[in-house]
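Residue-level structure breakdown
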Amino acid sequence: TETWANATEASDEFDTGRFHHSLIGGVEFDHEDIVNRLFLNGRSETVGTQIVPPVVILQNLFNPDPNNPAYVPFRALSGAVADTLVVTKAAYLLDTTDLTPTIKLSAGVRFDDYIVATDTLSATPLTPTASAQTRALLRNHSSFVNWNGGLVWKPVPKATLYVSASSSSNPS
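Reading guide: rules and limits
- Residues numbered from 1 in each chain as written.
- Predicted model: local features only at pLDDT ≥ 70, side-chain atom pairs only at ≥ 80, totals over all residues.
- Heavy atoms only, no water.
- Helix = DSSP H or I, 4+ residues; strand = E, 2+ residues; numbered from the N terminus.
- Contact = heavy atoms within 4.5 Å.
- Pairing = 2+ DSSP bridges.

**Some points on the environment of Phe144**
- Following the sequence through the fold, Phe144 ends up in strand β5 (residues 135-156).
- In sequence terms Phe144 and Ser169 are 25 residues apart; their C-alpha atoms lie 7.0 Å from each other.
- Excluding residues within four positions of it along the chain, Phe144 makes contact with Arg110, Phe111, Asp112, Ser169 and Pro171.

See below:
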């Protein structure tokens, strides 16, 4: 897996008339490349099968033998590969306004652009009569806008009451 990411944020405070504002804005970028090569006899990716075959492995913990034949089936690659690329970009802005010394109003918006692409290749056939490897290319590109808003009331210094609402999206 290779990943690089960046999150940059800036904030400012200012007044408009009698209202004080605290403004936060930012951008996020993320790029992730995941390559998964499956092993023979490792069936965790297959629904309804056991994860590890029931094999008793006798190994000296203080002097392990990497050539122990019990490990050979687990170290052999099946030829199956799944290469997944995930790219996300986002920008957001949040403003909190002091309406009175005890009441604050906040409102925000966020834009997300999400790309996921997967290139899979099935396992190498183990016999000459088995079918050839198959490839599947899947891609999803989703963009969406979400919002949030809230109202905070601080009737006394040690108590805070609030109400909020927001939206959320899933790029599935």
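Structure shown, so let's carry the discussion forward.
**Remarks on the pairing of β5**
- Looking at chain direction, strand β4 (residues 103-121) and β5 are connected through 19 bridges and run antiparallel. Counterpart to Ser106 in the pairing with β5 is Gly150.
- Sheet topology note: the β5/strand β6 (residues 159-166) ladder contains 7 bridges and is antiparallel. In the sheet register, Val152 faces β6, and the bridge partner there is Tyr162.
- Hairpin connection, β5 to β6: the antiparallel pair is bridged by 2 residues.

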